[in-house]
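Analysis of the macromolecular model
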Amino acid sequence: LKHVKDSKHIRPGKGKSRNRKYKINRGPLFIGDSEDGFFRASVNVPGLECVSVDYMSITQLAPGGTLGRMVVWSESAFKKLGKLFGSYHQPASLKKGYHLPRPVMTNADLARIINSDEIQSVLNPAKERAVIT
């Protein structure tokens, strides 16, 4: 948190005049249940972001598309994840009719599948390109 607090600096460029004067790094993300008392206590801590497990999004988990943000989960949030998203065998209890999406491919090694003997024996041979001189 000290690193986040020390990272506050004035933004270069025209953003200063457009009410975006300061930039600050992102700190750890705390994900908890909405009934946890931690949310109200952490409002004034700079750099610490708190979000309920009901409202978390991918932009909070990976800001700017960069993976690797430190995320702290509460025990009650982990328990609520099972109710929110369910599993492959049973649907979610808090969302009506929601099932986890199953992977379309069981083997994700696409290059190995395309270059396998079974696929290559069925394909037409490669056409030669015409050379323009």
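One structure accompanies this document, and this report is about it. Computed from a prediction, not measured in an experiment: that's the story for all the values here.

**Notes on the overall build of the protein chain**
Regarding its fold elements, the protein chain presents six helices and five strands. Relative to the globule expectation of 14 Å for 133 residues, the C-alpha radius of gyration of the protein chain, 24 Å, shows a markedly less compact shape. By its C-alpha atoms, the protein chain is 65 × 55 × 25 Å across when sized along the principal axes. The burial tally for the protein chain puts 20% of its 133 residues in the buried class. Sequence separation of 24 or more characterises 34% of the internal contacts of the protein chain that already satisfy a separation of 6 or more. For the protein chain, the exposed surface amounts to about 11100 Å²; the carbon and sulfur share of it is 57%.

**A look at the sheet that holds strand 3 (residues 29-32)**
One open sheet accounts for three strands, arranged 4-3-5; its pairing is parallel. Each of the sheet's edge strands pairs with one partner strand only, and the pair in question is strand 4 (49-52) and strand 5 (71-73). Each strand axis lies, on average, 25° off the axis of its neighbour in the sheet, ignoring direction. As defined by bridge partners, strand 3 adjoins strand 4 across four bridges and the pair is classed as parallel.

**Some points on the packing of aromatic side chains**
Tallied over the entire structure, the rule returns two aromatic pairs. Look at Trp-73 and Phe-78: their rings are 5.3 Å apart centre to centre, the planes differ by 50°, and that puts the pair in the tilted class. According to the relative accessible area criterion, Phe-78 is exposed, its value standing at 51%. For the pair Phe-85 and Tyr-98, a centre-to-centre distance of 6.1 Å together with 65° between the ring planes defines the contact as edge-to-face. In this pair, Phe-85 sits in helix 4 (residues 75-85) while Tyr-98 sits in the loop between helix 4 and helix 5 (110-114), placing the two residues 13 residues apart along the sequence. The class for Phe-85 is partly exposed, based on a relative accessible area of 27%. The ring of Tyr-98 carries the charged tip of Lys-95 above its face, separated from the ring centre by 4.8 Å.

**With respect to a nonpolar patch on the surface**
A contiguous nonpolar surface patch, about 630 Å² in accessible area, is contributed by Val-104, Met-105, Leu-110, Ile-113, Ile-114, Ile-119 and Leu-123. The dominant element in the nonpolar patch, judged by the number of residues it contributes, is helix 5, at three residues. Tracing the backbone shows Ile-119 in helix 6 (residues 117-122).

**Some points on the nonpolar core**
If you look at the biggest cluster of nonpolar residues, it comprises seven residues: Leu-29, Ile-31, Val-51, Val-53, Ala-77, Leu-81 and Leu-84. Only strand 3 and helix 4 provide two or more residues apiece to this core. With three residues, the top contributor of residues to this core is helix 4. Here Val-51 is in contact with Leu-29, Phe-30, Ile-31, Gly-32, Phe-39, Met-56 and Gln-60, once residues within four sequence places are set aside.

Analysis parameters
- Residues numbered from 1 in each chain as written.
- Predicted model: local features only at pLDDT ≥ 70, side-chain atom pairs only at ≥ 80, totals over all residues.
- Heavy atoms only, no water.
- Helix = DSSP H or I, 4+ residues; strand = E, 2+ residues; numbered from the N terminus.
- Rg over C-alpha atoms; globule rule 2.2 N^0.38 Å.
- Buried < 20%, exposed > 50% of the residue type's maximum accessible area, 1.4 Å probe, protein only.
- Contact = heavy atoms within 4.5 Å.
- Areas by Shrake-Rupley, 256 points an atom, 1.4 Å probe, with all protein chains shown as cover.
- Pairing = 2+ DSSP bridges.
- Axes fitted to C-alpha atoms, helices over the stretch in contact; angles between N-to-C directions.
- Phe/Tyr/Trp six-rings, centres within 6.5 Å; stacked < 30°, edge-to-face > 60°.
- Lys NZ or Arg CZ within 6 Å of the ring centre and 35° of its normal.
- Patch = residues over 30% accessible without salt bridge, like charges linked within 9 Å, V, L, I, M, F, W, Y side chains within 5 Å.
- Salt bridge = Lys/Arg side-chain N within 4 Å of Asp/Glu carboxyl O.
- Core = buried A, V, L, I, M, F, W, Y, C linked by side-chain atoms within 4.5 Å.

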